[in-house]
Amino acid sequence: IPMLHRLFVLSATSSLLVLSMGTADRASAFAATNQLNAPVGKVTLVLGQATLVSSNGVTSSLQKGSSVKPGDRIETAGGGHVHIRFVDDALVSVRPSSRLIIEEYEYNPTKVLDSQVRFKLETGVARAISGAAAESAKERFRLNTPLVAIGVRGTDFVVNSQIGRASCRERVSS
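Conventions used here
Residues numbered from 1 in each chain as written. Predicted model: local features only at pLDDT ≥ 70, side-chain atom pairs only at ≥ 80, totals over all residues. Heavy atoms only, no water. Salt bridge = Lys/Arg side-chain N within 4 Å of Asp/Glu carboxyl O. Helix = DSSP H or I, 4+ residues; strand = E, 2+ residues; numbered from the N terminus. Buried < 20%, exposed > 50% of the residue type's maximum accessible area, 1.4 Å probe, protein only. Phe/Tyr/Trp six-rings, centres within 6.5 Å; stacked < 30°, edge-to-face > 60°. Pairing = 2+ DSSP bridges.

**Notes on the pattern of salt bridges**
Piece 1. Inspection of the entire model under this criterion finds five salt bridges.
Piece 2. In this structure, Glu103 engages Arg118 in a salt bridge whose closest nitrogen and oxygen atoms are separated by 4.0 Å. Of this pair, Glu103 sits in strand 10 (residues 99-106) while Arg118 sits in strand 11 (residues 116-123), placing them 15 residues apart in sequence.
Piece 3. Note that Arg118 is salt-bridged to Glu104, the shortest N-O span being 3.1 Å. You can see Arg118 sitting in strand 11 and its partner Glu104 sitting in strand 10, a full 14 residues away along the chain.
Piece 4. Glu104 sits in the buried class, given a relative accessible area of 19%.

See the structure below:
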């Protein structure tokens, strides 16, 4: 069966790239993440200055190995760059001068169809390679910006959102 690739470009102020690819089943190594306050991912790379603002407002510097949870906000400075590997093997890269909120991340490897993933890119650029949650429960994945929202539907989207206007280009995957 050929691997399907989906490309999404979305931005609050510039561009976001979301590339969806088939992934290895590393998710079985993680417990279900729909438990209250359970970590849903780990930081795998930090370049420059990056901070995490927790759902209760506590701010901390991000470091390789830091855990992230639903409700956390990832903020990068001008030269900052962060990679996060999620429990379903998804990867998110938050680029310089960006702010991304993990609004919801529910994943259970035994009930993948019940997964729910929601991000909010307040400003800047992010890239994501979807994991088992978005691949299995496409209709329950959402990435929002102040002007547009995107979901995984098996097509290629290029969305450019600037203050006061947005544009979208779509192509069906083969």
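**Comments concerning the packing of aromatic side chains**
Piece 1. Counting across every chain of the model gives four aromatic pairs.
Piece 2. Centre to centre, the rings of Phe119 and Phe141 are 6.3 Å apart; their planes meet at 65°, and the pair counts as edge-to-face. With Phe119 in strand 11 and Phe141 in strand 13 (residues 141-144), this pair connects stretches of sequence that are 22 residues apart.
Piece 3. Classification of Phe141 by relative accessible area gives buried; the value is 6%.
Piece 4. Feature note: the residues Phe86, Tyr105, Phe119 and Phe141 constitute an aromatic cluster, connected by ring pairs.

**A word on the pairing of strand 8 (residues 81-86)**
Piece 1. Note that strand 3 (residues 41-47) and strand 8 share six bridges and pair antiparallel. Considered in strand 8, the bridge of Val43 is made with Ile84.
Piece 2. Here strand 8 pairs with strand 9 (residues 91-94) via four bridges, running antiparallel. Bridging from a neighbouring strand, His83 pairs with Ser93 of strand 9.

**Quick word on the pairing of strand 3**
Piece 1. With two bridges joining them, strand 3 and strand 6 (residues 67-68) adopt antiparallel strand pairing. Within strand 6, the position partnered with Lys42 by the bridge is Ser67.

**Concerning the sheet that holds strand 7 (residues 73-76)**
Piece 1. Strand order in this open sheet of seven strands is 5-4-7-10-11-13-14, and the pairing throughout is mixed. Two strands close off the open sheet at either side, each with one partner strand: strand 5 (59-61) and strand 14 (149-150).
Piece 2. Here four bridges tie strand 11 to strand 13, and the two strands are oriented parallel to one another. The residue bridging Lys120 from the neighbouring strand is Asn144, located in strand 13.

**Points about unusual backbone geometry**
Piece 1. The backbone phi angle of Asp89 is positive, close to 80°, even though this residue is not glycine.
Piece 2. Looking at the element boundaries, Asp89 is found in the loop between strand 8 and strand 9.

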